[in-house]
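Geometric and topological summary
Listed below are the residues making up each chain.
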Amino acid sequence: MVVSEGGGPMRLLTRVSMIAAGRRSRWVVIAAWLAFAMLAVPLQADLNERAADESETFLVRGSESAAVKKIVDERFRLGSETAAVIVYFRESGITPDDGRRADTDALALCRSAAIPNLRMVATPYQRACGEADPLDMSPGASLLTSPDETVILSTVLMADDSTPDIEQAVAAIREVVPPATGDESGLRAFVTGRAGFEADRNAALGGVNGTLLAVTVAVLLLLLLVTYRSPLVALVPLAVVALAYLVTSGLAYGLVAAGATDISGQTTSILVVLMFGAGTDYCLLIVARFRDELRRTRDVREAMVAAARRTGPAIVSAGAIVIGTMTILALADFNATREMGPILALGVAVMVCAGLTLLPAVLTALGRRAFWPAVPRLDPGSAPAITFWERVAGLVHARPGVIAAAVAAVLAAGALAGLGGRPALDFSESFREAPDSVLGQQVIRDHFIPGRAAPLRIVVADDVAGKVQSALTEGTHTPVADMHAVARSVGADGSSPGAEAQGRPGSANDLITFDADLRMDPFSEQATDAVPALREVAERAAGGRTVMIGGTVAENYDARQALGRDTGLIVPVSLALILVVLAVLLGAVVMPLYVIATVILSFGFALGVSSLVFTHLMGQPTSDPNLPIYAFIFLVALGVDYNVFLLGRIREQLRKHETRRAVTEALARTGGVITSAGLVLAATFATLMVIQMESLFQIGFVVTLGLLADTFLVRALLVPALAIMLGERNWWPFNATALPPEAGPPTVRAAVSLGES
């Protein structure tokens with residue numbers, strides 16, 4: 001919904017603010033929000049448990065690799081199984097005692113009650129537990145011992161893939177095996193494989209929401225105390241956002257439980273940051289305007305209604321932009337991107353409602369006491385001293401061309417630094433500090449065929465399996481070094497599936513699955529690039545029969561392709577949405593066009609400069625593949641927010657002044673509060689950098705840098721300078737709605753004269 005200065009929507013906002021500020025109704029509003037929040041508290045744990053399961057998060061909807069995973073889950077005895085791989089390593093060579101230690105550990109794990117749904121524990125020398133299966137074609141001893149005999153592998157197979165059970169199992173395994181640092185004899189052990197990877201990833205994100213919340217609240221409280229010098233008014237916005245966050249969590253759990261969407265730990269972490277950052281910004285606008293109105297009128301309720309009426313249109317319009325942009329993420333094929341959209345959109349929608357109802361109710365109940373000890377005094381006729389932002393406004397008014405050129409040059413230079421791009425972050429670089437699973441994967445890569453650490457998973461019709469295997473492994477040109485059969489598909493009763501079973505074009509009868517080891521690091525760009533050629537070779541050899549390639553390497557390729565498609569769709573649709581909202585809000589086309597262009601320029605600046613910092617200062621030349629699209633969504637949607645706040649004030653000033661003077665007045669009056677809001681949002685996104693996951697660290701860094709550039713360069717200098725240069729042409733193709741000019745306040749006149757002198 002976009003709110004204009006008049007008409008039904010404006011009357012509705014005024015009515016809402018009057019109810020929120022009413023003598024009796026404000027207590028009803030506060031009680032209702034408290035009740036909803038308390039009802040949502042028990043659902044927090046359930047939501048976090050749902051978010052912990054990320055088994056489908058990084059797959060691509062409709063992709064071949066996702067189809068392979070589904071077929072393996074449904075039609076093979078591998079079903080929902082998850083394997084933990086124990087890597088025993090001795091640099092001087094594995095000894096007989098090491099083999100006996102591996103067997104002893106395996107027997108101990110078989111007896112452990114801490115490993116849920118244990119199916120099998122096997123070493124190179126024995127199957128310690130688990131019944132032999134006639135369909136089992138798992139690798140033998142030769143595949144579990146490295147060619148240089150410095151590493152042996154044991155496998156712990158569990159008939160479950162729920163994240164809490166996996167974490168429990170991996171913790172139990174690590175209690176039994178030697179530590180990664182080595183035992184008294186020098187034998188080292190690492191727990192890796194899918195179970196180890198998932199446990200370590202969840203550990204890196206475990207408790208992160210609490211950490212993010214604590215750091216975010218501390219940072220915001222400090223900024224609000226510095227801004228308002230009042231403990232109460234610093235705490236009120238945080239309390240309002242906290243209640244809104246609880247309500248959002250409850251509603252989000254309802255959506256997830258109903259199957260409307262999924263959720264991951266990454267989404268819940270960003271939800272905390274987005275709601276506390278954007279929500280505090282919305283609160284700041286109302287608080288600042290409420291304080292101004294208290295200087296003009298004695299009646300607290302009247303002051304709040306006036307403040308909400310003036311700030312409401314900008315808050316609703318800015319919220320609509322963020323909600324719409326986040327909702328567009330639902331168009332993505334990449335699951336992690338698609339599932340994020342509805343949850344974040346819901347959070348912003350709840351926050352807008354809280355900002356327009358709960359915050360006015362609380363502030364009206366507190367009255368002037370909210371600002372103690374810096375209580376605003378009734379003094380409508382005073383002429384305050386010239387502020388810093390009035391001086392900035394005067395300077396921009398006097399030198400718009402020079403300022404616009406200088407800022408645009410700085411932003412463009414930064415953007416050019418990122419044109420070369422960076423290779424994708426691989427799994428071993430996903431953590432700020434390499435955990436046990438990454439170290440184990442590196443040992444496997446160094447001492448086995450490199451691809452053994454993450455084999456391709458090939459599903460093929462049984463009658464052409466030999467042809468496909470030969471085509472993929474014969475000749476030195478192929479990147480596949482070895483293939484071994486893992487299992488044959490079975491029905492629910494253990495029998496071979498009939499013709500009614502579903503497959504890809506071709507036979508739907510017996511299928512067989514192979515693991516294929518690549519000659520190269522499976523987490524490298526080279527391995528990812530090899531996937532389409534391998535699929536082409538396999539399909540040609542299968543002659544129209546069923547053959548599909550999945551596994552981690554194929555999932556990485558499908559994700560890369562999907563991210564490219566998603567970006568090509570989401571970016572233009574988001575920009576079109578923002579353009580429409582701004583055009584309706586401003587009743588013009590020219591100003592929305594260059595506002596969007598400036599925000600895109602600050603996005604390019606943030607990507608380019610961060611690329612230089614990551615590569616040359618932090619020694620991290622690789623980039624998370626999700627970074628560009630996530631940074632674009634947050635920077636463009638939230639960057640436009642600040643411009644909406646400024647443009648809304650320009651629109652208001654057009655009632656009194658011509659465009660150039662209206663811009664100067666708006667900048668002078670909003671500079672302080674909007675800059676505070678920008679710092680608040682930048683500080684909240686900066687808290688993502690405390691997380692041990694490299695992807696979230698990079699997102700936090702880039703978005704923080706972009707928000708700072710947007711706050712101090714784009715919104716404070718570039719947009720006002722362009723608006724002053726264009727004058728009445730800003731409102732093309734419509735007529736400017738400004739009333740005949742009238743004299744402005746002495747403070748602003750003084751600021752303008754300072755800039756012109």
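Residues numbered from 1 in each chain as written. Predicted model: local features only at pLDDT ≥ 70, side-chain atom pairs only at ≥ 80, totals over all residues. Heavy atoms only, no water.

Time to look at the overall build of the protein chain. What the protein chain contains, in helices and strands, is 24 helices and nine strands. Relative to its full complement of 757 residues, the protein chain shows a buried share of 57%. Pairs at least 24 apart in sequence give 83% of the contacts found in the protein chain among residues at least 6 apart. (Helix = DSSP H or I, 4+ residues; strand = E, 2+ residues; numbered from the N terminus. Buried < 20%, exposed > 50% of the residue type's maximum accessible area, 1.4 Å probe, protein only. Contact = heavy atoms within 4.5 Å.)

Structurally, valine 464 can be placed in the loop between β6 (456–461) and α17 (465–473). Overall, the relative accessible area of 7% leaves valine 464 in the buried class. On a C-alpha basis, the gap between valine 464 and alanine 542 in space is 5.8 Å, while along the polypeptide they are 78 residues apart. Dropping the residues within four chain positions of it, valine 464 is found in contact with Ala542 and Arg545.

Right, let's talk about the confidence of the model for the protein chain for a bit. Residues at a pLDDT of 70 or more form 88% of the protein chain, whose mean pLDDT is 83. Overall, residues 134–138 carries pLDDT values under 50, and its contacts beyond four positions in sequence, including any with other chains, amount to 14 contacts. The model gives residues 491–504 a pLDDT under 50, and that stretch makes 24 contacts with residues more than four places away or in other chains. (pLDDT = per-residue confidence, 0-100.)

A few words on the pattern of salt bridges. What the rule picks out here adds up to 23 salt bridges. A salt bridge links arginine 661 to glutamate 665, with the nearest nitrogen and oxygen atoms 3.4 Å apart. One end of the pair is arginine 661 and the other is glutamate 665, both in helix α22 (residues 659–686) and four residues apart, which spans about a single turn. Several salt bridges converge on common partners, so that one network encompasses Arg61, Asp333 and Arg565. (Salt bridge = Lys/Arg side-chain N within 4 Å of Asp/Glu carboxyl O.)

Moving on to the side chain of serine 65. Among the structural elements, serine 65 can be located in helix α4 (residues 64–75). On the basis of relative accessibility, which here comes to 2%, the residue serine 65 falls in the buried class. At 2.6 Å, the side chain of serine 65 forms a polar contact with the side chain of aspartate 558. (Polar contact = N/O pair within 3.5 Å; in protein donor to acceptor, adjacent residues only side chain to side chain.)

Counting across every chain of the model gives nine aromatic pairs. Plain terms: the ring middles of tyrosine 245 and phenylalanine 276 are 6.3 Å apart, the flat faces sit at 55° to each other, and that makes the pair tilted. Of the two residues, tyrosine 245 sits in helix α9 (residues 231–257) while phenylalanine 276 sits in helix α10 (residues 265–294), which places them 31 residues apart along the sequence. Residue class for tyrosine 245 comes out buried when judged on its relative accessible area of 8%. Exposure remark for phenylalanine 276: the relative accessible area of 2% places this residue in the buried category. (Phe/Tyr/Trp six-rings, centres within 6.5 Å; stacked < 30°, edge-to-face > 60°.)

It is worth spelling out the sheet that holds strand β5 (residues 188–192) at this point. The pairing of strands in a sheet happens through backbone hydrogen bonds and is either parallel or antiparallel. Taken in spatial order, the five strands line up as β3-β2-β4-β1-β5 in an open sheet, and their pairing is antiparallel. Strand pairing shows two members of the sheet lacking a second neighbour, β3 (127–129) and β5, which therefore form its edges. Averaged over neighbouring strand pairs, the angle between their axes works out to 20° when direction is ignored. Of the strand pairs in this sheet, strand β1 (residues 82–89) and strand β4 (residues 151–158) are connected by eight bridges, and their pairing is antiparallel. By the bridge assignment for β4, valine 87 is matched with leucine 153. Together, β1, β4 and β5 form the strand contacts of helix α16 (residues 436–447), whose direction differs from that of β5 by roughly 105°. (Pairing = 2+ DSSP bridges. Axes fitted to C-alpha atoms, helices over the stretch in contact; angles between N-to-C directions.)

The element strand β9 (residues 547–551) is extensively covered by neighbouring structure, given that five of its five residues are classed as buried. Both faces of β9 are covered, namely the face carrying Val547, Ile549 and Gly551 and the face carrying Met548 and Gly550. Bridge count for β6 against β9 is five bridges, and the pairing is antiparallel. In the sheet register, isoleucine 458 faces β9, and the bridge partner there is isoleucine 549.

Membership of the largest hydrophobic core comes to 163 residues, with the highest contact counts inside it found for Tyr282, Met351, Phe634, Leu638, Phe685 and Leu707. In terms of residue count, the dominant contributor to this core is helix α21 (residues 627–653) (18 residues). With 37 residues, the next largest nonpolar core counts Val72, Phe76, Leu511 and Met520 among its residues. (Core = buried A, V, L, I, M, F, W, Y, C linked by side-chain atoms within 4.5 Å.)

For the coordinates displayed, the defined rule picks out one disulfide. One disulfide bridge connects cysteine 110 with cysteine 129, the sulfur atoms lying 2.1 Å from each other. Across the S-S bond of cysteine 110 and cysteine 129 the torsion is about -85°, and the bridge reads as left-handed. Here cysteine 129 lies in strand β3 and cysteine 110 lies in helix α5 (residues 96–111), a separation of 19 residues in the sequence. (Disulfide = S-S within 2.5 Å.)

As a further point, take a nonpolar patch on the surface. Together, Leu331, Leu569 and Val573 give the surface a local cluster of nonpolar side chains, amounting to about 210 Å² of exposed area. Following the sequence through the fold, valine 573 ends up in helix α19 (residues 552–586). Take valine 573: its relative accessible area is 32%, and that puts it in the partly exposed class. (Patch = residues over 30% accessible without salt bridge, like charges linked within 9 Å, V, L, I, M, F, W, Y side chains within 5 Å. Areas by Shrake-Rupley, 256 points an atom, 1.4 Å probe, with all protein chains shown as cover.)

All right, on to the packing of helix α20 (residues 590–617) against helix α23 (residues 694–726) then. Contact pair α20 / α23: the axes reach a minimum separation of 8 Å and the direction vectors enclose 145°. Where α20 crosses over α23, the two elements pack in a sense that is right-handed. Residue classes in the contact of α20 with α23 are distributed as 22 nonpolar, five polar and one charged. (Left-handed = near helix turned anticlockwise from the far one by under 90°. Nonpolar A, V, L, I, M, F, W, Y, C, P; charged D, E, K, R; others polar.)

Strands sit in the order β7-β8-β6-β9 across an open sheet of four strands; the sheet is antiparallel. The sheet is open, and its two edges are formed by β7 (480–488) and β9, each paired on a single side. Taking each pair of neighbouring strands and ignoring which way they run, the sheet shows an average axis angle of 25°. When β7 meets strand β8 (residues 511–518), the two strands line up antiparallel, connected through seven bridges. Its bridge partner being in β8, histidine 484 is matched across the sheet by aspartate 515. Lying on the sheet, α4 is in contact with β6, β8 and β9; it crosses β9 at an angle near 95°. Helix-sheet contacts for α17 involve β6, β7, β8 and β9, and the interaxial angle to β7 is about 160°.

Assignment of secondary structure puts alanine 631 in helix α21. Overall, the relative accessible area of 1% leaves alanine 631 in the buried class. Each C-alpha atom of the pair alanine 631 and glycine 604 lies 9.8 Å from the other, and the pair is 27 residues apart in sequence.

Turning our attention to unusual backbone geometry. Between tryptophan 372 and proline 373 the backbone carries a cis peptide bond, its omega angle lying at 10°. In this structure, proline 373 sits in the loop between α13 (358–366) and α14 (388–398). For glutamate 149, which is not glycine, the phi torsion reads 60° and is therefore positive. Here glutamate 149 shows up in the loop between β3 and β4.

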